[in-house]
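Residue-level structure breakdown
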Protein chains: 2
Amino acid sequence: MRLSKRGEYGLRAMIILAHAYKESPDTMVQIREISEQDKIPGKYLEQILLALKNAGMLQSRMGIGGGYYLARQPQDISLGQIVRVLDGPLAPIRCVSQMAYEACGCPDERTCGLRMVMGDVRNAIADILDNTSLENVIERMDIARAQLEN
Amino acid sequence: MRLSKRGEYGLRAMIILAHAYKESPDTMVQIREISEQDKIPGKYLEQILLALKNAGMLQSRMGIGGGYYLARQPQDISLGQIVRVLDGPLAPIRCVSQMAYEACGCPDERTCGLRMVMGDVRNAIADILDNTSLENVIERMDIARAQLEN
DNA sequence: ATAAAGTCTATTGATTCACTTGACTATTTA
DNA sequence: TAAATAGTCAAGTGAATCAATAGACTTTAT
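Residues numbered from 1 in each chain as written. Chains lettered and ligands numbered in written order. Predicted model: local features only at pLDDT ≥ 70, side-chain atom pairs only at ≥ 80, totals over all residues. Heavy atoms only, no water.

What follows deals with the packing of aromatic side chains. Residues and elements named next belong to chain A. Applying the stated criterion to the full structure yields two aromatic pairs over all chains. Ring plane angle 85 degrees and centroid distance 5.9 Å describe the contact between Tyr-9 and Tyr-44, whose orientation is recorded as edge-to-face. Placement of the pair is Tyr-9 in helix H1 (residues 5–23) and Tyr-44 in helix H3 (residues 42–54), with a sequence separation of 35 residues. Residue Tyr-9 is classed as buried on the basis of its relative accessible area, which comes to 14%. (Phe/Tyr/Trp six-rings, centres within 6.5 Å; stacked < 30°, edge-to-face > 60°. Helix = DSSP H or I, 4+ residues; strand = E, 2+ residues; numbered from the N terminus. Buried < 20%, exposed > 50% of the residue type's maximum accessible area, 1.4 Å probe, protein only.)

Listed below in structure tokens is the structure:
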């Protein structure tokens, strides 16, 4: 049940970009900055951000003063979308996936116990990830930081 | 977020074994039978059942009339236990794992947004898998089968 | 003794993961 | 306008993991 490094790096990068967006929506952030801040190999991060851009979640500008920025507002980008782009379906097994259904070998899907439980798991994961936006993440971080100051 | 074939095969096998247990607790089921019923490569299944036996969930007898059977009652074996034995921790990232915690590189775990969300995901998965026993699975299958007969 | 079962260890081939390399393109500014 | 900066794109690589396979060995019942 694991999130890949690719997925993890992508999520961390998007959180940084969301943070920059909150300060000013047109802030450009360079790969290099994110890479240093989160200790992510730069060239690897490059591919990840590109994938996110091709999926329509990021925009970028080349050249001096260029960089990446969110294509939509942080409240309109869910962690579920990010993970699906970088790591594929959320479902533990494909016969229970919404985005990439595939039959498993069981005699009857309607009475397959494993499928029922894994369906529940998929829904639990999707409920969290699809209903958590980058905005929500930033909020939670701010609250945690504020509480630490006491 | 995927369950490996190993995990899937193991769960399917345990469900069959639980079913046999319900008919009579001392029923022996051979690897071969499970392998044919669920279309699992026999030699692979062998390793999986052995791992489950070494984890104390199964018992076995060699020789003619031998086979595998549950070491505990179906209501005392959770899917969570099975998955952990075969696939390792349920947590999407290790800094949020109960059974295999490991620090990630983030500056402060207490204010890491990703960690908070992934903690929620871990708990959601564990809540389902740790609170679903083999007995529960059998019940759901029976109910589904009964409903199909109308 | 023999056949039927599980046990144990090792190996394999394919795939995936986590990068790395390097050449190319667009944009700014001196 | 050329030099510097930043993203784009395609390919390759080494290690690890996955999903099996192979084969010798042990235990048990008849």
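Here we come to the protein's contact with DNA strand C. In the vicinity of DNA strand C lie 27 residues, with Lys-43 and Gln-47 of chain A together with Glu-46, Lys-53 and Tyr-68 of chain B positioned nearest. Of what DNA strand C places within 4 Å of the protein, 57% of the atoms are sugar or phosphate. The backbone of Lys-5 of chain A places a nitrogen or oxygen atom 3.3 Å from a phosphate oxygen of DNA strand C. One nitrogen or oxygen atom from the main chain of Ile-31 of chain B is found 3.0 Å from a phosphate oxygen belonging to DNA strand C. At five residues, the largest contribution of residues to the surface near DNA strand C is made by helix H3 (residues 42–54) of chain B. (Near = heavy atom within 4 Å. Polar contact = N/O pair within 3.5 Å; in protein donor to acceptor, adjacent residues only side chain to side chain.)

Let's shift gears to the protein's contact with DNA strand D. Among the 28 residues in the neighbourhood of DNA strand D, the closest are listed as Glu-46, Lys-53 and Tyr-68 of chain A together with Lys-43 and Gln-47 of chain B. In DNA strand D, atoms within 4 Å of the protein come from the sugar-phosphate backbone in 61% of cases. Residue Glu-46 of chain A places a side-chain N or O atom 2.4 Å away from a base nitrogen belonging to DNA strand D. Between DNA strand D and the protein, one listed contact pairs a phosphate oxygen with a backbone N or O atom of Lys-5 of chain B at 3.4 Å. Contributions of two or more residues to the surface near DNA strand D are made by H3, strand E1 (58–61) and strand E2 (67–70) of chain A together with helix H1 (5–23) and H3 of chain B. Top element by residues in the surface near DNA strand D is H3 of chain A. It accounts for five residues. Class assignment for the residues of the surface near DNA strand D results in 11 nonpolar, eight polar and nine charged. (Nonpolar A, V, L, I, M, F, W, Y, C, P; charged D, E, K, R; others polar.)

What follows covers the packing of helix H5 (residues 113–130) of chain A against helix H5 (residues 113–130) of chain B. Running from N to C, H5 of chain A and H5 of chain B point in directions that differ by 160 degrees, and their axes come no closer than 9 Å. Classed by the angle they form, the pair H5 of chain A and H5 of chain B counts as roughly antiparallel. You can see that H5 of chain A and H5 of chain B cross each other, and the crossing is right-handed. Along the contact surface, H5 of chain A presents Val-117, Met-118, Asp-120, Val-121, Ala-124, Ile-125, Ile-128 and Leu-129 of chain A, while H5 of chain B presents Val-117, Met-118, Asp-120, Val-121, Ala-124, Ile-125, Ile-128 and Leu-129 of chain B. Across the contact of H5 of chain A with H5 of chain B, the residue classes tally to 14 nonpolar, no polar and two charged. (Axes fitted to C-alpha atoms, helices over the stretch in contact; angles between N-to-C directions. Parallel < 35°, antiparallel > 145°, perpendicular 65-115°, else oblique. Left-handed = near helix turned anticlockwise from the far one by under 90°. Contact = heavy atoms within 4.5 Å.)

All names here are of chain A. Direction vectors running N to C along H1 and helix H2 (residues 31–38) enclose 115 degrees, while the axes themselves pass 10 Å from each other. Taken together, the axes of H1 and H2 lie roughly perpendicular to each other. The way H1 lies across H2 gives a crossing that is right-handed. The segment H1 lies against H2, with Arg-12, Ala-13, Ile-16 and Leu-17 engaging Ile-34, Gln-37 and Asp-38. For the contact of H1 with H2, the residue count by class is four nonpolar, one polar and two charged.

It is worth spelling out the interface of chain B and chain A at this point. Chain B puts 39 residues into the contact, and the matching count from chain A is 40 residues. Both faces considered, chain B and chain A share a buried interface measuring about 3,700 Å² in area, 70% of it formed by carbon and sulfur atoms. Together, Met-1, Leu-114 and Arg-140 of chain B form the three largest contributors to the area buried by chain B at its contact with chain A, with a combined 19%. If you look at where chain B meets chain A, you find two salt bridges. (Buried area = accessible area lost by both parts, 1.4 Å probe. Salt bridge = Lys/Arg side-chain N within 4 Å of Asp/Glu carboxyl O.)

All names here are of chain A. Every buried residue of helix H4 (residues 79–87) is listed here: Leu-79, Gly-80, Ile-82, Val-83 and Leu-86. The arc enclosing the buried residues of H4, seen along the axis, measures out at 160 degrees, which places them on a common side. Downstream of H4 by a residue or two, Gly-88 has a phi angle that is positive, lying close to 80 degrees. (Arc of directions from axis to C-beta.)

Right, let's get into the pairing of strand E1 (residues 58–61) of chain B. Residue and element names in this part refer to chain B. Across four bridges, E1 lies against strand E2 (residues 67–70) in antiparallel orientation. Residue pairing in the sheet places Gln-59 in a bridge with Tyr-69 of E2. Hairpin remark: E1 followed by E2, antiparallel, with five residues in the connecting loop; positive phi at Gly-63, about 80 degrees. (Pairing = 2+ DSSP bridges.)

Counting 98 residues, the largest nonpolar core has Met-14, Ile-82 and Leu-129 of chain A together with Ile-82 and Leu-129 of chain B as the members making the most contacts within it. Those residues in contact with Ile-82 of chain A that sit more than four places away from it in its chain are Gly-10, Leu-11, Met-14, Leu-52, Met-57, Ile-77 and Leu-134 of chain A. (Core = buried A, V, L, I, M, F, W, Y, C linked by side-chain atoms within 4.5 Å.)

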